[in-house]
Amino acid sequence: MNFILLGPPGAGKGTQGQALASRYGIPKISTGDILRESVALKTPLGLKAKSFMDRGALVPDEVVIGLVRERLKQPDCQKGFILDGFPRTIPQAESLDQTIADAGKSIDAVINFDLAEAEIVRRLSGRRSCPNCKAVFHITLNPPRQSGICDQCQNGLVQREDDKEDTVRNRYKEYLEKTSPLLQYYENSGLLHSLAGNGTIALVSKEIERILSV
Ligand code: AP5
Ligand code: MG
Ligand code: ZN
């Protein structure tokens, strides 16, 4: 099973992707996680990406395209993969189509999460993330068992640099401008399944299960 999680910031891609990865035993590939890791390690990729991420702008296509192309060659993607936050522009989607076709594979589904801007801001202001295993929590909507500590690996949780309200609003603007055209792109290829991202985590998860079982 190869699928894509699409949607605005804070819509639940990481939360659902994490659950799906363990359910299907396939990797969740989050370009945001890979870029944040590179920023933390101050690699050349990280140094290039940081200024874009800090202001809530998309990192240039050529940077992320190369990164995903390499990641999809890894052996753990043979059984399938979940793309979280990629593609995010039409050129990224076109390049992915090419990469997938070259590998003799196909995309099975694109799951799109709809969520209004006010709810996005509310969710991201309370999000806490695990820099170690990438698990995601929310101080009230999805709290960890012990405040500030990851349920899965006991690492300390952190607040993402780009979750400040102004930056979140910029990220949402970037989404509307550059990513939302992908809805039509995947509608045209018959792969798009949209769901209401404002249900509970359990409800959204059930809806995804329904979509993938058809
Ligand atoms: P990225 O890390 O991908 O961020 P994003 O797309 O903005 O999405 P988020 O991770 O903020 O949200 P999410 O949908 O994963 O929601 P989550 O599950 O955490 O990208 C960051 C940056 O990297 C970009 O701005 C860009 O600079 C760069 N980048 C990355 N990919 C790129 C690309 N392809 N091209 C160019 N640049 C790229 O949930 C959010 C919160 O809500 C959590 O607290 C969670 O607990 C809670 N929650 C989740 N679901 C529910 C629910 N159903 N009900 C209640 N609460 C919920
Ligand atoms: Mg995420
Ligand atoms: Zn963790």
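Refer to the structure presented above.
Residues numbered from 1 in each chain as written. Chains lettered and ligands numbered in written order. Predicted model: local features only at pLDDT ≥ 70, side-chain atom pairs only at ≥ 80, totals over all residues. Heavy atoms only, no water.

A.B. asks: Just to check I follow, could you spell out the overall build of the protein for this structure?
C.D. replies: Each helix and strand counted, the protein has nine helices and seven strands in total. For the protein, whose C-alpha radius of gyration is 16 Å, the value lies close to the compact-globule estimate of 17 Å for 214 residues. Each principal axis of the C-alpha atoms in the protein carries an extent, and together these give about 45 × 40 × 35 Å. Within the protein, the fraction of its 214 residues that count as buried is 46%. By sequence separation, contacts in the protein at least 24 residues apart represent 69% of the contacts at least 6 residues apart. As displayed, the protein has an accessible area near 10700 Å², and 52% of this comes from carbon and sulfur atoms. Charged side chains in the protein number 28 positive and 26 negative. The centres of these two groups are separated by 5 Å. (Helix = DSSP H or I, 4+ residues; strand = E, 2+ residues; numbered from the N terminus. Rg over C-alpha atoms; globule rule 2.2 N^0.38 Å. Buried < 20%, exposed > 50% of the residue type's maximum accessible area, 1.4 Å probe, protein only. Contact = heavy atoms within 4.5 Å. Areas by Shrake-Rupley, 256 points an atom, 1.4 Å probe, with all protein chains shown as cover. Lys, Arg positive; Asp, Glu negative; His and termini not counted. Charge placed at Lys NZ, Arg CZ, Asp CG, Glu CD.)

A.B. asks: Even after reading the chapter, I still don't get helix H5 (residues 90–102), so can you show me in this structure?
C.D. replies: An α-helix turns once every 3.6 residues. As a result, residues three or four positions apart point the same way. For H5, which comprises 13 residues, the first-to-last C-alpha distance of 18 Å matches the rise-based estimate of 18 Å (1.5 Å per residue) to within 8%. By the burial criterion, the buried members of H5 are Gln 92, Ala 93, Ser 95, Leu 96, Thr 99 and Ile 100. The buried residues of H5 occupy one face: seen down the axis, they fall within an arc of 165°. Contacts made by the buried residues of H5 are with strand S1 (2–6), helix H4 (61–72), strand S3 (81–84) and helix H8 (181–188). Measuring from the side-chain oxygen of the N-cap residue of H5 to the backbone nitrogen of Gln 92 gives 3.1 Å; that N-cap residue is Thr 89. Remark: Gly 104 follows H5 within two positions and exhibits a positive phi of approximately 70°. (Expected span 1.5 Å × (residues − 1). Arc of directions from axis to C-beta. Polar contact = N/O pair within 3.5 Å; in protein donor to acceptor, adjacent residues only side chain to side chain.)

A.B. asks: I tried to follow the coordination of the zinc ion (ligand 3) on my own but got confused; where do I start?
C.D. replies: Think of it this way: four donors in a tetrahedron around the metal ideally sit 109.5 degrees apart, and six in an octahedron ideally sit 90 or 180 degrees apart. The zinc ion (ligand 3) binds to the protein through Cys 130 (SG), Cys 133 (SG), Cys 150 (SG) and Cys 153 (SG), with metal-donor distances spanning 2.3 to 2.4 Å. With four donor atoms in place around the zinc ion (ligand 3) and angles of 100 to 119° between them, the coordination shape is tetrahedral. Cys 153 sits in the partly exposed class, given a relative accessible area of 26%. (Donors = N, O, S within 2.8 Å, 3.2 Å for Na, K, Ca; no water. Tetrahedral: all angles 85-135°; square planar, octahedral: opposite > 155°, others 65-115°.)

A.B. asks: What exactly am I supposed to notice about the site of ligand 1 here?
C.D. replies: Taken together, 35 residues form the shell around ligand 1, and within it Thr 15, Ala 57, Arg 127, Phe 137 and Arg 171 come nearest. Backbone polar atom of Phe 137 to an oxygen atom of ligand 1: 2.7 Å apart, as the coordinates give it. Taking Arg 160, its side chain carries an N or O atom lying 3.0 Å from an oxygen atom of ligand 1. Summarising the interface, the protein chains cover 96% of the accessible area of ligand 1, which totals 1000 Å² for the free molecule. At the level of elements, helix H1 (13–24), helix H2 (31–41), helix H6 (117–125) and strand S6 (136–138) are the ones that each hand at least two residues to the shell around ligand 1. By residue class, the composition of the shell around ligand 1 is 14 nonpolar, 13 polar and eight charged. (Near = heavy atom within 4 Å. Nonpolar A, V, L, I, M, F, W, Y, C, P; charged D, E, K, R; others polar.)

A.B. asks: How should the nonpolar core be read in this particular structure?
C.D. replies: The tendency in soluble globular proteins is for nonpolar side chains to be buried side by side. Counting residues in hydrophobic clusters, the biggest one holds 26 residues, and the most contacted among them are Phe 81, Leu 83, Leu 96, Ile 107, Val 110 and Tyr 186. The set of elements that each furnish at least two residues to this core consists of S1, helix H3 (44–54), H4, S3, H5 and H8. Sorting elements by how many residues they give to this core places H4 first, with six residues. Setting aside residues no more than four positions away along its own chain, Ile 107 makes contact with Asn 2, Ile 4, Phe 81, Leu 96, Ile 100 and Leu 191. Judged by nonpolar contacts, the second largest core, of 22 residues, contains Phe 3, Ala 21, Phe 113 and Tyr 172. (Core = buried A, V, L, I, M, F, W, Y, C linked by side-chain atoms within 4.5 Å.)

A.B. asks: Even after reading the chapter, I still don't get the pairing of S1, so can you show me in this structure?
C.D. replies: As a general feature of sheets, a regular strand has side chains that alternate between the two faces. Most of S1 sits inside the fold, with five of its five residues counted as buried. Side chains Asn 2, Ile 4 and Leu 6 project from S1 onto one buried face, and the interleaved Phe 3 and Leu 5 project onto a second face that is buried too. Here S1 runs beside S3; their pairing, made up of four bridges, is parallel. Bridge assignment links Leu 5 to a residue of S3, and that residue is Asp 84. Pairing analysis gives four bridges linking S1 to strand S4 (residues 109–114), with the strands arranged parallel. The residue bridging Phe 3 from the neighbouring strand is Ala 109, located in S4. (Pairing = 2+ DSSP bridges.)

Structural measurements only, silent on function.
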